[in-house]
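Architecture at a glance
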Amino acid sequence: VHNTGDRQAVVSTQSTGGYRVAASDLTPITRVVNGVGTSGAIQHMYYAEVEDSQRETQGGGLAEEGEVVEVIDVDRSDIETFAFDESKPKPPGCTLCIIWWLNNHGRD
């Protein structure tokens with residue numbers, strides 16, 4: 001696991017998605033640069049499998065920090081369609097992670 005961002009990824013997983021995930025359960029996917037030409041912020045992308053027993057909140061982000069995150073469930077059979085559905089706005093990193101998942105787990 002990348003040393004930079006591990007703790008932040010665990011906190012983000014809990015506040016954003018509502019699941020408690022240990023750093024040791026995170027699989028690094030990649031790091032990307034967001035806002036190339038403006039801020040150049042690095043975003044770390046991770047994968048983790050979760051179960052209902054790990055859910056601690058409904059997710060949605062930290063309201064006190066102004067975060068508003070919509071948590072959605074997509075059926076496995078619909079994930080590729082969702083990734084390229086332009087009527088469902090999503091950050092490019094979401095599509096990248098879906099493609100990674102399809103290549104590494106989704107075609108089982």
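Criteria and cut-off values
Residues numbered from 1 in each chain as written. Predicted model: local features only at pLDDT ≥ 70, side-chain atom pairs only at ≥ 80, totals over all residues. Heavy atoms only, no water. Helix = DSSP H or I, 4+ residues; strand = E, 2+ residues; numbered from the N terminus. Buried < 20%, exposed > 50% of the residue type's maximum accessible area, 1.4 Å probe, protein only. Contact = heavy atoms within 4.5 Å. Areas by Shrake-Rupley, 256 points an atom, 1.4 Å probe, with all protein chains shown as cover. Core = buried A, V, L, I, M, F, W, Y, C linked by side-chain atoms within 4.5 Å. Salt bridge = Lys/Arg side-chain N within 4 Å of Asp/Glu carboxyl O. Pairing = 2+ DSSP bridges. Patch = residues over 30% accessible without salt bridge, like charges linked within 9 Å, V, L, I, M, F, W, Y side chains within 5 Å. Polar contact = N/O pair within 3.5 Å; in protein donor to acceptor, adjacent residues only side chain to side chain.

**A look at the overall build of the protein**
- Along the protein, the regular secondary structure elements total 3 helices and 2 strands.
- Starting at the N terminus, the α and β elements of the protein follow one another as α-β-β-α-α.
- Per-residue burial for the protein yields a buried fraction of 25% across its 108 residues.
- Summarising the internal contacts of the protein: among those between residues at least 6 apart in sequence, 49% fall at separations of at least 24.
- Surface accessibility of the protein: about 7,700 Å² in total, with carbon and sulfur atoms responsible for 49%.

**Comments concerning the nonpolar core**
- In this structure, Ile-29, Met-45, Tyr-47, Ile-79, Phe-82, Ala-83, Ile-98, Trp-100, Trp-101 and Leu-102 together form the largest nonpolar core, which totals 10 residues.
- Taken together, the elements giving at least two residues each to this core come down to β2 (41-47), α2 (79-83) and α3 (92-106).
- If one sorts the elements of this core by residue count, α3 sits on top with 4 residues.
- Leaving out residues up to four positions away in the same chain, Phe-82 has contacts with Ile-72, Val-74, Lys-88, Lys-90, Cys-94 and Ile-98.

**Here we look at the environment of Val-33**
- Relative to the helices and strands, Val-33 resides in strand β1 (residues 27-34).
- The contact partners of Val-33, leaving out residues within four places of it in the chain, are Gly-40, Ala-41 and Ile-42.

**So, the pattern of salt bridges**
- Using the criterion set out here, one finds 2 salt bridges in the structure.
- A salt bridge links Glu-56 to Arg-20; the shortest N-O distance between them is 3.3 Å. Here Arg-20 lies in the loop between α1 (6-17) and β1 and Glu-56 lies in the loop between β2 and α2, a separation of 36 residues in the sequence.
- Of the residues examined, Glu-56 reaches a relative accessible area of 44% and is grouped as partly exposed.
- Two residues, Asp-85 and Lys-88, come together in a salt bridge whose shortest N-O distance is 3.0 Å.
- You can call Lys-88 partly exposed: its relative accessible area is 40%.

**A short note on the pairing of β1**
- In this sheet, β2 lies alongside β1 in antiparallel orientation, the contact comprising 7 bridges. Its bridge partner being in β2, Val-33 is matched across the sheet by Ile-42.
- Following β1, the chain reverses through 6 residues before pairing antiparallel with β2; Gly-35 in that reversal takes a positive phi of roughly 65 degrees.

**Remarks on a nonpolar patch on the surface**
- Together, Val-33, Val-36 and Ile-42 give the surface a local cluster of nonpolar side chains, amounting to about 310 Å² of exposed area.
- What makes Val-33 partly exposed here is its relative accessible area of 47%.

**Digging into the environment of Arg-55**
- Within the secondary structure, Arg-55 is located in the loop between β2 and α2.
- For Arg-55, a relative accessible area of 29% gives the class partly exposed.
- Along the chain, Arg-55 and Gln-14 lie 41 residues apart, while their C-alpha atoms are 8.2 Å from each other.
- The residues touching Arg-55, leaving out its near neighbours within four places in the chain, are Gly-17, Gly-18, Tyr-19 and Val-71.
- At a separation of 3.2 Å, a polar atom in the side chain of Arg-55 contacts the side chain of Tyr-19.

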